[in-house]
Each structure stands twice: as structure tokens, then as C-alpha cells.
Amino acid sequence: MIDPNPNRRALPSVDRILRDLGDSTGFPRPVLTSVIRRVLAAARDANSNDAATTDIMPQIHAALEDLARSRLQPVINGTGVIIHTNLGRAPLSTTAAAHLIEAATHYTNLEYDLSTGQRGPRAPYLEQALALLCAAESATLVNNCAAALVLILRHFASTPPRNQVIISRGELIQIGGGFRVPEILESAGASLHEVGTTNKTTLADYDRAITDRTALILKVHRSNFYMAGFVESPATAQLAALAAQRNIPFIEDLGTGAIFPTEPLAGEHEPTPAEILHQGADLVTFSGDKLLGGPQAGIIVGRAALIAKLSGNPMKRAL
């Protein structure tokens with residue numbers, strides 16, 4: 001049989017390419033070898049008789065340049081979006097980064113009680129500080145705000161028949177990365193009960209929706225868009241009172257998580273966790289980076305009894 005691509009026999013070996021590249025790439029040899037083999041395999045599978053397939057080095061260099069660009073590296077944020085999810089979100093201050101380096105280059109008491117000499121909880125100092133900052137009874141944290149919501153739903157709303165979560169149709173939003181609130185609810189085992197319409201949801205809509213299957217009421221703050229005009233939605237205090245009257249938890253997802261009043265800087269009011277808790281919410285979730293300006297995290301603040309239940313859930317460790 002005639003080889004449809006005789007130039008494949010002229011392709012150099014992996015060892016020869018490694019010798020030609022030497023130490024100039026900065027990549028570990030196993031990584032370099034993997035890239036070379038992948039490019040060679042693609043060249044061998046090509047159906048072209050073009051003699052250029054034998055000159056494989058430009059393709060090797062292009063593949064290595066693509067790989068180098070995927071490494072974490074400083075970039076200039078010229079987008080106009082200060083907290084940009086694609087660009088690492090909130091940069092740490094030099095002081096915070098220095099503390100991080102100090103901790104990362106030593107063993108630490110991450111999960112060790114120095115007073116008793118026994119295994120201890122993770123981050124009790126941080127959780128106490130977050131509770132104080134948010135005027136909450138207690139606090140805990142996970143990987144990101146979506147994970148915080150998943151943990152709450154898995155614990156309080158994943159066991160049928162009482163796994164129904166009531167939420168306004170106007171709050172079925174999409175967050176970064178294409179993740180949608182309804183999909184997050186369903187992935188956690190919750191049953192979605194939509195109430196109201198896109199632009200108008202009343203307190204009576206929530207009240208009529210509550211049944212023996214209702215696990216909680218969820219309010220999602222529209223932190224990355226707004227609606228104006230013929231719009232209505234119950235205030236946090238109203239929903240909190242209704243939930244307390246019907247003996248079900250009321251959760252509010254703030255998303256961005258402003259800690260201090262934003263009016264002096266932005267001219268717009270952004271609700272704070274302390275404000276939402278004061279209005280009666282049982283638990284509030286928000287991001288630890290964004291407006292707080294720290295590393296990525298999902299923070300949950302609120303009633304101590306509920307936080308204790310979440311902290312004891314096996315999913316807490318995974319998240």
C-alpha cells in the first residue's frame with residue numbers, strides 16, 4: 001500500500017527535538033515531551049502531502065507559546081471593570097500578600113488547637129472576625145458564593161418531600177461562568193418553586209406558595225444588573241417576617257457583599273450583610289473577594305444554630 005503522506009517518515013524523533021530545544025523553553029522535561037508528542041501525532045494524522053509537515057519546529061514553538069500563556073502571570077487590567085472575575089478578581093494588598101507568604105512558607109496551626117495540643121477547628125479566628133464585621137451571631141466560609149448556596153441547599157433543602165425552595169422569577173439570575181441560580185438549586189437536590197413574574201412579585205405570592213414541602217425561602221440580590229419601571233418585590237424585612245411566621249428559614253444571597261456603606265464612593269446603596277441580618281434574614285451569603293477585597297471565598301453569616309448545622313455537614317469539608 002502506498003503511504004498517502006510519505007512526509008511523515010521525515011518527521012524528527014522526540015529525542016532529536018528535545019536535543020534541539022535544549023533548556024531554552026523553561027518547561028520541565030515531562031511537560032516538554034508531552035507537547036512534542038502531541039504535535040507530532042497531529043502531524044502524522046494529517047492527510048496533507050505538503051512537505052511543510054516535515055518542518056515541525058514552528059508548530060512545536062507555537063504550542064509551547066500557547067502553553068506558556070496559560071500560566072498565571074501579571075496582566076494589565078484595562079477593561080474598566082475593577083473586580084474582574086477573569087483577571088483574578090481583587091488583588092491582595094502588599095500587607096496581606098506578605099502575611100500569606102509568611103504563612104505559606106511555614107507549618108501553621110490551620111487545624112490545631114495550640115491551647116489543648118489537640119486537633120482543632122479550621123479558621124475559628126477568621127470566623128469570629130467575620131461574624132463581628134457583619135454583626136452576626138456566627139459565620140463560616142467555603143470556596144465561593146455558589147458553594148455557600150450549595151451547602152445551605154444540600155443541608156436544608158435536599159431531602160424530599162420537604163425540599164422545595166421558593167424564589168421569585170425575577171431573581172432566577174445567571175452569575176459568572178454561565179452558572180444559573182436554578183441549575184445550582186437543582187444540582188443541590190432542591191426542588192424549585194418559582195413565584196411571581198419577571199418584574200413583579202408580591203408578598204402574597206410567597207405566602208400562597210408555602211406548603212408542607214417548603215424547605216426555605218430564598219432571595220437573590222440583583223448585584224450585577226437592575227430592573228426599573230413597572231417593578232415590585234417584597235422587602236427583606238417582609239419576607240423575614242413571613243418566614244418566621246411560617247417557621248421556615250429565610251436566606252438572602254447578596255453576591256457582591258459590600259461591608260461598609262457604598263454611597264460615599266459610588267452614590268448607590270448596596271445592602272450589607274449586617275443590614276440584611278438586622279432586617280431578619282436567618283442566613284446571608286456573599287463573596288469574600290469582590291467588594292470585601294480579599295481572596296475568593298463564599299461567606300455565610302447569620303444565626304449560630306444554623307451555622308453550626310452547616311459546619312457539621314460533610315459537604316462543608318468538600319466545599
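Preceding this paragraph is the structure being described.
A look at the packing of aromatic side chains
- According to the stated counting rule, one finds zero aromatic pairs in the structure shown.
- Between Lys200 and the ring centre of Phe230, over which it is positioned, the NZ or CZ distance is 4.4 Å.

Regarding the state of the cysteines
- This structure, assessed with the given rule, holds zero disulfides.
- For the unlinked cysteine Cys134, the closest cysteine sulfur is that of Cys145, found at 12 Å.
- A residue is classified by how much of its surface remains accessible, and Cys145, at 10% relative accessible area, is buried.

Here's the deal with the pairing of strand β6 (residues 214-220)
- Summarising burial for β6: seven of the seven residues are buried, a large majority.
- Sheet analysis places strand β4 (residues 164-168) next to β6, joined by three bridges and oriented parallel. Bridging across to β6, Ile166 finds its partner in Ile217.

Section: a nonpolar patch on the surface
- On the surface, a nonpolar cluster with roughly 280 Å² of combined accessible area is contributed by Leu133, Phe260 and Leu292.
- Within the secondary structure layout, Phe260 lies in the loop between β7 (250-255) and α10 (263-266).
- According to the relative accessible area criterion, Phe260 is exposed, its value standing at 58%.

What about the sheet that holds β4?
- Strands sit in the order β3-β9-β8-β7-β6-β4-β5 across an open sheet of seven strands; the sheet is mixed. Every interior strand has two partners, whereas the edge strands, β3 (138-142) and β5 (191-195), have only one. Going across the sheet, the axis of each strand differs from the next one's by a mean of 25 degrees, ignoring polarity.
- In this structure, β4 lies alongside β5, joined through five bridges in parallel fashion. Bridge assignment links Ile167 to a residue of β5, and that residue is Glu194.
- Taken strand by strand, helix α5 (residues 124-133) contacts β3 and β9 (298-302), and its axis lies near 120 degrees from that of β3.

Brief notes about the environment of Cys145
- Within the secondary structure, Cys145 is located in helix α6 (residues 145-156).
- Taking the C-alpha atoms as reference, Cys145 lies 6.5 Å from Thr285; in sequence the two are 140 residues apart.
- Not counting chain neighbours up to four residues away, the residues in contact with Cys145 comprise Asp253, Gly255, Thr285, Phe286, Ser287, Ala297 and Gly298.

Quick notes on helix α3 (residues 57-69)
- End to end, α3 covers 18 Å across 13 residues, agreeing with the expected 18 Å (1.5 Å per residue, within 8%).
- Met57, Ile60, Ala63 and Leu64 are the residues of α3 that are buried. Around the axis of α3, the buried residues are gathered within 125 degrees of arc, so they sit on the same side.
- Against α1 (14-21) and α2 (29-45) lie the buried residues of α3.

Definitions and cut-offs
- Residues numbered from 1 in each chain as written.
- Predicted model: local features only at pLDDT ≥ 70, side-chain atom pairs only at ≥ 80, totals over all residues.
- Heavy atoms only, no water.
- Phe/Tyr/Trp six-rings, centres within 6.5 Å; stacked < 30°, edge-to-face > 60°.
- Lys NZ or Arg CZ within 6 Å of the ring centre and 35° of its normal.
- Disulfide = S-S within 2.5 Å.
- Buried < 20%, exposed > 50% of the residue type's maximum accessible area, 1.4 Å probe, protein only.
- Helix = DSSP H or I, 4+ residues; strand = E, 2+ residues; numbered from the N terminus.
- Pairing = 2+ DSSP bridges.
- Patch = residues over 30% accessible without salt bridge, like charges linked within 9 Å, V, L, I, M, F, W, Y side chains within 5 Å.
- Areas by Shrake-Rupley, 256 points an atom, 1.4 Å probe, with all protein chains shown as cover.
- Salt bridge = Lys/Arg side-chain N within 4 Å of Asp/Glu carboxyl O.
- Axes fitted to C-alpha atoms, helices over the stretch in contact; angles between N-to-C directions.
- Contact = heavy atoms within 4.5 Å.
- Expected span 1.5 Å × (residues − 1).
- Arc of directions from axis to C-beta.

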